[in-house]
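Observations on the model geometry
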Amino acid sequence: MTTIAFIGLGHMGLPMARNLLNAGFAVRVFDLVASAVHELASAGAHAASSAADAVSGASVVISMLPASQHVESLYLGDGGLLGSMAAGSLILECSTIAPESARKVHQAAANLGLAMLDAPVSGGTAGASAGTLTFMVGGDAAALEQARPILAAMGSNIFHAGADGAGQVAKVCNNQLLAVLMIGTAEAMALGVANGLEPKVLAEIMRQSSGGNWALEKYNPWPGLMPSAPASHEYRGGFMSELMAKDLGLAQQAAQSTGSSTPMGALALQLYRLLLKQGQGKQDFSAIQKLFVE
Ligand code: NAD
């Protein structure tokens, strides 16, 4: 049986690791937050006492951490995990990080004979729980074939985006578009309601008209319209605004490096920074609605 080390059991990592357990993999888990480790241990995982302890005896390592600096410090440098992994092991790095950071880890892993894929995800916490995530994979095609049964236990769409770092490039493009769609939806909802429309009626009209988009389909930012959306739970859970701001910053860095023109992405980043300054960084990214109603 394949033994998998899973590091980072937050909003996304916890349900992803649970799906691996449900699929019959042996899973060794670690997070800085002990309660997350205990929750998975009670579902059948081995509770590791450190990241190094988690990878001991594992042939696959999955990480799901907040940002580039966490991933670089986990794997690289003195005491980094790469030094504790057995030759031939496979790393699936699923966090959303800078493509250059992913390439740094790819290179260091390759120097030690370890395979690595950058495999960021889309689909949110609901997709993570349901095992229907989309994986955007960068790296070697043979490593992807080795990883496929593991990724398939956590997701339903697996795309090979290209070479090392390409998964991260695809992810920042997608999240820039998602932010623009979410902001546009929030702005239109506030405009319609301020002009006398019922939010439910307006949402349904736009969903079925040419303005229809993912936010209107699955994640309406207006409170009370979709029972499962974070907007209906005081914007708790889901995808934190500070993580969206991080991804929009990554998109701007990518644009800078190629001289690409991304005015909508730049404006989206500014609006999310404003939301963070108002103390809403831990709220779901659909809380951008508040900028237009308060
Ligand atoms: P999160 O903050 O809920 O979880 C991150 C976890 O990593 C936390 O539990 C934290 O304690 C842990 N952690 C940090 N440093 C660690 C270390 N050195 N060792 C062990 N554990 C450590 O974040 P999340 O929402 O689960 O997102 C994780 C990644 O996935 C981010 O890069 C995010 O951008 C991306 N992502 C999130 C969503 C979403 O909807 N939440 C969707 C797609 C992609």
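Here goes a summary of the coordinates provided.

Conventions we followed
Residues numbered from 1 in each chain as written. Predicted model: local features only at pLDDT ≥ 70, side-chain atom pairs only at ≥ 80, totals over all residues. Heavy atoms only, no water. Near = heavy atom within 4 Å. Polar contact = N/O pair within 3.5 Å; in protein donor to acceptor, adjacent residues only side chain to side chain. Areas by Shrake-Rupley, 256 points an atom, 1.4 Å probe, with all protein chains shown as cover. Helix = DSSP H or I, 4+ residues; strand = E, 2+ residues; numbered from the N terminus. Expected span 1.5 Å × (residues − 1). Contact = heavy atoms within 4.5 Å.

Taken together, 24 residues are adjacent to the ligand, and His11, Met12, Asp31, Pro66 and Lys246 come closest. At 3.0 Å from an oxygen atom of the ligand is found a main-chain nitrogen or oxygen belonging to leucine 65. Glycine 238 is positioned with one of its backbone polar atoms (N or O) 3.2 Å from a nitrogen atom of the ligand. Alone, the ligand offers 830 Å² of accessible surface; in the complex the protein occludes 89% of this. Mapped by element, the contributors of at least two residues to the shell around the ligand are helix 6 (124-130) and helix 11 (241-258).

Attention now moves to helix 5 (residues 99-111). Look at helix 5: 18 Å from first C-alpha to last across 13 residues, which is about the 18 Å you get at 1.5 Å a residue. Check the buried side of helix 5 and you find it contacts helix 4 (68-75), strand 5 (90-93), strand 6 (115-118), strand 8 (133-138) and helix 8 (166-194).

Looking now at the environment of aspartate 164. Mapped onto the fold, aspartate 164 is located in the loop between strand 9 (155-162) and helix 8. On a C-alpha basis, the gap between aspartate 164 and methionine 12 in space is 23 Å, while along the polypeptide they are 152 residues apart. If sequence neighbours within four positions are ignored, aspartate 164 has contacts with Arg103, His106, Asp118, Gly138, Gly139 and Asp140. Polar side-chain contacts of aspartate 164 include one of 3.4 Å to the side chain of histidine 106.

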